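Below, each chain spelled out in residue letters.
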Amino acid sequence: MRNRTLLFFALSLILFSCLKENLDPVNLDKIVMLQIDYKTGEFEGGKEFAYFHDTSTVELPLTALYDPVLPDTGRLSMLYAGDTIFDGTMVWQGAGERKYPENIDDPVHYIKLESPLTKPIDSRFQVAFNDLGIEPDYDSIWNAISNLQMVNRYQLENVDSKIGLFLYRPTQGTADNPGDWKWYVILKN
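Notes on the structure follow. Everything numeric in this text was worked out from a predicted model, so none of it was measured. (Residues numbered from 1 in each chain as written. Predicted model: local features only at pLDDT ≥ 70, side-chain atom pairs only at ≥ 80, totals over all residues. Heavy atoms only, no water.)

Quick notes on the pattern of salt bridges
Just so we agree on the cut-off: Note on definitions: salt bridges are taken to be side-chain nitrogens of Lys or Arg within 4 Å of carboxyl oxygens of Asp or Glu. A run of DSSP states H or I qualifies as a helix once it reaches four residues; a run of E qualifies as a strand once it reaches two. Both are numbered from the N-terminal end. Note on exposure labels: buried denotes an accessible area under 20% of the residue type's maximum, exposed denotes more than 50%, and partly exposed covers the range between, all computed with a 1.4 Å probe on protein chains only.
Under the defined criterion, the tally for this structure stands at eight salt bridges. One salt bridge connects D87 with R75, and the closest N-O pair in it is separated by 2.9 Å. One end of the pair, D87, is in strand β5 (residues 83-92); the other, R75, is in strand β4 (residues 73-80), and 12 residues separate them in sequence. Of the charged contacts, one joins D139 and K119 as a salt bridge, the two residues approaching to 3.7 Å between their closest N and O atoms. Of this pair, D139 sits in helix α3 (residues 138-145) while K119 sits in the loop between β6 (98-100) and β7 (125-129), and the two are 20 residues apart along the sequence. Of the residues examined, D139 reaches a relative accessible area of 43% and is grouped as partly exposed.

And the structure:
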């Protein structure tokens, strides 16, 4: 009888120590990564990630791991709080590809607003990686996503956070042909 009581007490303690707010996906920190075509400025889709990490800083915990194209292939990985959110290959005068995430959500899954959001000041953008060395065109990047309800929600939930930005160029060595280059915008709730 005593063993049953101890077992019941231990199980009860374990179950009650798992608070609902720690397991509820609604309360997780989230980020969304949105893909924009470099050449056309069109929104091409995105991916939302949920994290248990508390990243309550203004600066986003983004780290770019860049292995340049030597002699003819390279790689770009983007980490958020130490976890990979993007990984892609780069090929000199060829075509690399995004390896992770394998798929992104199609733009048709993103609800649009009736009127676009006003672009934040340029200092809100945090460029995590841009190997071109030129200033991004923040206006065209923002215009691609300014009419998305998800962007509005993320901006309302976290008005102070930086807006992450990185450039992925799967084709290297052809600056005149940015046909497959992508900007990625990262927002945190």
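Now that the structure is up, let's keep going.
Considerations on unusual backbone geometry
Each neighbour pair has its own omega, and for Y100 with P101 the value is -5 degrees, a cis peptide bond. Within the secondary structure layout, P101 lies in the loop between β6 and β7. One non-glycine residue, A81, lies in the positive phi region at around 50 degrees. With respect to the helices, strands and loops of the structure, A81 is situated in the loop between β4 and β5.

Some details on the sheet that holds strand β8 (residues 163-168)
Spelled out, the test is: One requirement defines pairing of two strands: DSSP has to find at least two bridges between them. Lines fitted to C-alpha atoms define the axes, with helix axes restricted to the stretch in contact, and inter-axis angles between N-to-C directions lie between 0 and 180 degrees.
Ordered by their spatial adjacency, five strands build an open sheet running β2-β1-β10-β8-β7, and the pairing between neighbours is mixed. Edge strands, defined here as strands with exactly one partner in the open sheet, are β2 (43-51) and β7. Each neighbouring strand pair of the sheet contributes to a mean axis angle of 25 degrees, computed without reference to strand direction. Pairing between strand β1 (residues 29-37) and strand β10 (residues 182-188): seven bridges, direction antiparallel. Residue pairing across strands places I36 opposite W183, the latter belonging to β10.

Looking at the environment of L34
Definition in use: Two residues qualify as a contact provided that any one of their heavy atoms is within 4.5 Å of a heavy atom in the partner residue.
Here L34 lies in strand β1. By relative accessible area, which is 1% here, L34 ends up buried. A C-alpha to C-alpha distance of 8.0 Å links L34 and I145, two positions 111 residues apart in sequence. Once you skip the residues sitting within four places of it in the chain, L34 turns out to touch F43, G45, G46, Y110, I145, L148, V151, W183, Y184, V185 and L187.

Quick look at α3
The following threshold applies: The directions from the helix axis to the C-beta atoms are what the arc is built from.
Those residues of α3 not exposed but buried are Y138, I141, W142, A144 and I145. What you see down the axis of α3 is that its buried residues fit within an arc of 155 degrees, all on one side. In the core, the buried residues of α3 are packed alongside β1, β2, β7, α4 (149-157), β8 and β10.

Brief notes about the nonpolar core
Spelled out, the test is: Note on terminology: a nonpolar core comprises buried Ala, Val, Leu, Ile, Met, Phe, Trp, Tyr and Cys residues joined through side-chain atoms within 4.5 Å.
Ranked by size, the top nonpolar core spans 22 residues in total, and within it L34, I36, I145, L148, V151, V185 and L187 carry the most contacts. Counting only elements with at least two residues in this core, the list comes to β1, α3, α4, β8 and β10. Broken down by element, the residue count for this core peaks at five residues, all from α3. Not counting residues up to four positions away in its chain, the partners in contact with L187 are K30, I31, V32, L34, V151, Y154, Q155 and I163. One finds L60, F129, Y168 and Y184 within the second-largest nonpolar core, a separate group that totals 18 residues.

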